[in-house]
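# Structure assessment
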Amino acid sequence: MGRTVGTRILERSIIKHLGKSRGVGVGCDFSVLGDGKTVLSMGFSDSGYDTSALSGEAKISTGEMALIRAINNFASSGVMPKEMTVSIQAGESCPEQKLRNEMLAMTRAAGERGIRIIGGNTVVSPSGDRCSITVSLFGAVTDKDMIRSDQKTEPSDLIFVVGYAGHLGASVAAIENTDKLKERLPFTYIKGALIDASDLESADITRSLIAAGAYYVHDITYGGVYRAILETGIRFGMGTDIIHEKLPIRQDTIEICEVFGLNPYEILGTGGVIGVCHPDKKEEIDLTLMKLGVPYGFAGELTVEKKRVVRSEKNPMERSITFYE
C-alpha cells in the first residue's frame, strides 16, 4: 500500500524548497493557498483494500483509498472539501476496464460526499498492470471554519491518539499472507482481526476534536503512530513523552505482526489520528471521544527537551523515536 519518504528527507530535500504558506511543513496535512481562502490537501494510494475473500465485504478501490486519505488529511484544516482533481499513473499493461472502474468508484464516492471532480491528469509508466492514484481536494474557508493559528503551544500540552495502532497495516498483511497466517492462527480469528472499511475515514472524528478544543490534529498513515508522534514533535519544535501502555492497540494486531516480524507501531495506520490540546480541554475531548465510541488514549505530552521518547510505566523500556528513512 505504498509508503512515503523519510521525515529527514522531507525536511532537507523537499519542504525546504517550498514557498511559505500556512500549513506547509512536516506534521501538517493541508495548505492554505496564497489567497488565504482556499485549502488544499492530497491523498495517495497504489492499492485498495479488499477483504471479500475473507469476510465478504465490498472492495475499496485504489482511487477510493486515495480519496479517503485526502479527506482525512483535509479534515485537520477544519474546512469542508468541495472539489477534487484526480491524477492517475497507469502501468503500460493496465487494462482500460480497470481505469474505467476506478473512475466509476471515485465518482460515486465523491458524489456521496458532495465533492465535485473538476479535472486531473493521466500518464503511463512501465509498472505492469497496476495503477497509482493521487487525489487533490480543494475547499473554501468560511467564517464558520476553525483553522487553528492562534493557539500557543506549551510544554505539558496533552498528546492523544485515536484509533488502534497498525490496524490497517496488520489487516493488509493478513489479507496478502492468509495461508501463512492460518498456520498459526484460526481463520475466524484472522477474519475478526481485519479493520472495518468504515473505520478508515477519520474526518468526522477530526472535526469533532477541533470543535472540542484540539488545536492540532494529524492523520496517521504511513510510518504508523511512531512517525505521527515524531512529526508532532517536529511540528512544534518540542519533544514528546509518550507512555507505551496508553497507545491503543488490538491484541490480534500484535499477534499478526509477530508472525510477519512487523512493528505494529510503524505500519499503516489509516483511520487513526494524533492530536494535541491544552490540559483544560481534556475533559471536553474525553467526552467527545466517548460519545463517538472510538478507541483512544491520552498517551503523553509535549516537553521542552526535544527528545521524542516512548517509555513504559510497567517495564524497563524506553525508546527514542528518530527519523524514519
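Below is a summary of the structure that appears in this document.

With that settled, consider the overall build of the protein chain. Looking only at helices and strands, the protein chain has eleven helices and twelve strands in total. When the 325 residues of the protein chain are sorted by exposure, 50% land in the buried category. Counting every atom, the protein chain has about 15300 Å² of accessible surface; 50% of that belongs to carbon and sulfur.

In spatial order, the strands read S7-S9-S6-S10-S8-S11-S12; together these seven strands make up an open sheet with mixed pairing. Edge strands, defined here as strands with exactly one partner in the open sheet, are strand S7 (216–220) and strand S12 (318–320). Here the strands of the sheet are splayed against their neighbours by 25° on average, with no regard to which way each runs. Along the sheet, helix H11 (residues 282–292) makes contact with strand S6 (158–162), strand S9 (272–277) and strand S10 (296–303), crossing S10 at roughly 150°.

Attention now moves to helix H9 (residues 224–236). Given a rise of 1.5 Å per residue, 13 residues ought to cover 18 Å, and the 19 Å separating the end C-alpha atoms of H9 matches this to within 8%. If you check which residues of H9 are buried, you get Gly224, Val225, Tyr226, Arg227, Ala228, Ile229, Leu230, Glu231, Thr232, Gly233 and Ile234. A positive backbone phi angle near 65° is found at Gly237, which sits one or two residues after H9.

Let us now look at the pairing of strand S2 (residues 38–45). Sheet topology places strand S1 (residues 31–32) next to S2; two bridges connect them, and they run antiparallel. Residue pairing across strands places Val32 opposite Val39, the latter belonging to S2. Hairpin remark: S1 followed by S2, antiparallel, with five residues in the connecting loop; positive phi at Gly36, about 75°. Across eight bridges, S2 lies against strand S5 (residues 131–140) in antiparallel orientation. Opposite Val39, over in S5, you have Gly139 as the bridge partner.

Read across the sheet, five strands follow the order S1-S2-S5-S3-S4 without closing on themselves; strand pairing throughout is mixed. Taken across any chain shown, the strands that pair with only one partner, and hence form the sheet edges, are S1 and strand S4 (116–125). Both strand S3 (residues 83–91) and S4 contribute to a ladder of nine bridges, which runs parallel. Bridge pairing in S4 places Met84 opposite Ile117.

Moving on: the packing of aromatic side chains. The full count for this structure, using the stated rule, is five aromatic pairs. Each ring, one from Tyr215 and one from Phe236, has its centre 5.8 Å from the other, and the planes form 80°; the classification is edge-to-face. With a gap of 21 residues between them, Tyr215 in the loop between helix H8 (203–212) and S7 and Phe236 in helix H9 connect regions that are remote in the sequence. What makes Tyr215 buried here is its relative accessible area of 7%.

This paragraph deals with the packing of helix H3 (residues 62–75) against helix H4 (residues 96–112). Remark: H3 packs on H4, axes separated minimally by 7 Å, with the N-to-C direction vectors making an angle of 35°. Together, Thr62, Gly63, Glu64 and Leu67 of H3 and Glu102, Ala105, Met106, Arg108, Ala109 and Ala110 of H4 make up the contact between the two elements.

Calculation notes
Just so you know, the residues in each chain are numbered from 1, in the order the chain's sequence is written. A pLDDT threshold of at least 70 governs which residues receive local features in this predicted model, and a stricter bar of 80 or more applies before side-chain atom pairs are shown or counted, although totals over entire chains, interfaces and linings include all residues. Hydrogen atoms and water are omitted, and side-chain values are computed over all heavy atoms in the structure. Under the scheme used here, helices are H or I runs from DSSP no shorter than 4 residues and strands are E runs no shorter than 2 residues, and both carry numbers assigned from the N terminus. We call a residue buried when its accessible area falls under 20% of the maximum for its residue type, exposed when it is over 50%, and partly exposed in between, using a 1.4 Å probe and counting protein chains only. Per-residue and other accessible areas follow the Shrake-Rupley method at a 1.4 Å probe size, with only the shown protein chains counted as cover for residues. Strands qualify as paired when DSSP identifies two bridges or more between them. Axis geometry follows a simple rule: fit a line to the C-alpha atoms, using only the stretch in contact for helices, then measure angles between N-to-C directions, giving values from 0 to 180 degrees. Every residue pair with non-hydrogen atoms within 4.5 Å of one another is taken to be in contact. One less than the residue count of a helix, multiplied by 1.5 Å, gives the span that helix is expected to have. Centre distance within 6.5 Å is the pairing criterion for rings of Phe, Tyr and Trp, where only the six-membered ring of Trp is used; planes under 30 degrees apart are then read as stacked, over 60 as edge-to-face, and the remainder as tilted.

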